[in-house]
Amino acid sequence: FLFTQQLESGYTEWFLLSALLLFLSTAIHSNVSIILRHLRKQSVVSLTSSREIVYVIMTFIIIFCAGIELFTPSWEDRLKIFVLSVSTIITSALNIISLKVEEAGKVALLDRSSAIIIALITQITIFHEIPDNLTLVGLFLVLASVLLTGLYKLWQARKMAGSVH
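Scope of this entry: the structure provided in the associated data block. Everything numeric here is computed off the predicted structure, so don't read it as measured data.

## Focus: the packing of helix α2 (residues 44-66) against helix α3 (residues 75-101)
Running from N to C, α2 and α3 cross one another at 135°; their axes reach a closest spacing of 10 Å. Our classification of the angle between α2 and α3 gives oblique. Both α2 and α3 take part in a crossing whose hand is right-handed. In this structure, α2 uses V44, L47, T48, R51 and E52 to contact α3, whose residues at the interface are I89, S92, A93, N95, I96, I97 and K100. Grouping the constituent residues of the contact of α2 with α3 by class yields 6 nonpolar, 3 polar and 3 charged.

What follows is the structure, encoded as C-alpha cells:
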C-alpha cells in the first residue's frame with residue numbers, strides 16, 4: 001500500500017535532470033560523510049538532532065520563499081510521510097554510528113553497494129520487475145568489489161598483526 005503508483009517503461013524526458021540531481025546529491029552526501037567522520041567523537045544524539053533541526057529550518061525557509069502552497073494530506077499520505085520521517089532519522093543515526101567506527105571511504109563504498117543490492121531486491125519483490133542481464137552483471141561487479149575490499153582489509157590487518165610480533 002505504500003508503493004502504489006503507475007510503472008513507466010523506458011526513460012522519460014526528465015531522466016537526465018533526475019540523474020544530474022542524484023549525482024549532485026551523492027557528491028554532497030559524500031562530503032557530509034567525511035565531515036561526520038571528523039565529528040565522530042560527538043554524541044550520536046547531538047549530531048542527529050542537529051541535522052534534523054537544520055532540515056526543519058531549511059524546509060520552512062524553502063516553503064515560504066518559494067511560496068509553496070501547503071495542504072492537509074490524507075491519512076494514507078500522513079502514514080507515508082511518517083514512515084519516511086522515521087526511516088530518515090533511523091538512517092541518519094545508523095550512518096553516524098557507522099562513521100564513528102570506520103573510515104568514511106569504506107562506509108561510503110558499503111553504503112552505495114548495499115543501496116544497489118536493496119534497490120534490486122525491492123525492484124523484484126515489490127514492483128515485480130525482473131532485472132536484465134546487464135543489471136545482473138553490474139550487481140555481480142558491485143558484490144565482487146565489496147568482497148574484495150573486505151578481503152583486502154582483512155589481509156592488511158593480518159599483515160600488520162604479523163609484523164608486530
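Here the narrative resumes.
## Examining the nonpolar core
Of all hydrophobic cores here, the largest spans 8 residues; its members are L36, V44, L47, A93, I96, L99, A104 and V107. Among the secondary structure elements, those contributing two or more residues to this core are α2, α3 and α4 (104-125). Of all the elements, α3 adds the most residues to this core, at 3 residues. The contact partners of V107, leaving out residues within four places of it in the chain, are N95, S98, L99 and E102.

## Describing the side chain of R37
The residue R37 is located in helix α1 (residues 15-38) in this model. Despite its burial, R37 pairs with no opposite charge; the closest candidate is E102, at 5.8 Å N-O. At 2.8 Å, the side chain of R37 forms a polar contact with the backbone oxygen of L99. Look past the residues within four positions of R37 in its chain and what remains in contact with it is L99, K100, V101, E102, E103 and A104.

## A closer look at α4
For α4, built from 22 residues, the straight-helix expectation of 32 Å at 1.5 Å per residue is met to within 8% by its first-to-last C-alpha distance of 31 Å. For α4, the complete set of buried residues consists of A104, V107, S113 and L120.

## Considering the environment of I34
Of note, I34 is situated in helix α1. Of the residues examined, I34 reaches a relative accessible area of 42% and is grouped as partly exposed.

## So, a nonpolar patch on the surface
Together, L79, F82, V83, V86, I90, L94 and I97 give the surface a local cluster of nonpolar side chains, amounting to about 590 Å² of exposed area. On the basis of relative accessible area, I90 is assigned to the partly exposed category, the value being 45%.

## Describing the pattern of salt bridges
Evaluated as defined, the whole model comprises 2 salt bridges. Across the pair E76 and K80 runs a salt bridge, and its minimum N-O distance is 3.5 Å. Of the two residues, E76 and K80 both sit in helix α3, 4 residues apart, roughly one turn of that helix. Judged by its relative accessible area of 40%, E76 falls in the partly exposed class. A salt bridge links K153 to E102, with the shortest nitrogen-to-oxygen separation between them at 2.1 Å. In this pair, K153 is assigned in helix α5 (residues 133-164) and E102 in the loop between α3 and α4, connecting sequence segments 51 residues apart.

## Observations regarding the environment of S92
Of note, S92 is situated in helix α3. For the pair S92 and I130, spaced 38 residues apart in sequence, the C-alpha to C-alpha distance is 30 Å. Once you skip the residues sitting within four places of it in the chain, S92 turns out to touch T48, R51 and E52.

Conventions adopted
- Residues numbered from 1 in each chain as written.
- Predicted model: local features only at pLDDT ≥ 70, side-chain atom pairs only at ≥ 80, totals over all residues.
- Heavy atoms only, no water.
- Axes fitted to C-alpha atoms, helices over the stretch in contact; angles between N-to-C directions.
- Helix = DSSP H or I, 4+ residues; strand = E, 2+ residues; numbered from the N terminus.
- Parallel < 35°, antiparallel > 145°, perpendicular 65-115°, else oblique.
- Left-handed = near helix turned anticlockwise from the far one by under 90°.
- Contact = heavy atoms within 4.5 Å.
- Nonpolar A, V, L, I, M, F, W, Y, C, P; charged D, E, K, R; others polar.
- Core = buried A, V, L, I, M, F, W, Y, C linked by side-chain atoms within 4.5 Å.
- Buried < 20%, exposed > 50% of the residue type's maximum accessible area, 1.4 Å probe, protein only.
- Lys, Arg positive; Asp, Glu negative; His and termini not counted.
- Salt bridge = Lys/Arg side-chain N within 4 Å of Asp/Glu carboxyl O.
- Polar contact = N/O pair within 3.5 Å; in protein donor to acceptor, adjacent residues only side chain to side chain.
- Expected span 1.5 Å × (residues − 1).
- Patch = residues over 30% accessible without salt bridge, like charges linked within 9 Å, V, L, I, M, F, W, Y side chains within 5 Å.
- Areas by Shrake-Rupley, 256 points an atom, 1.4 Å probe, with all protein chains shown as cover.

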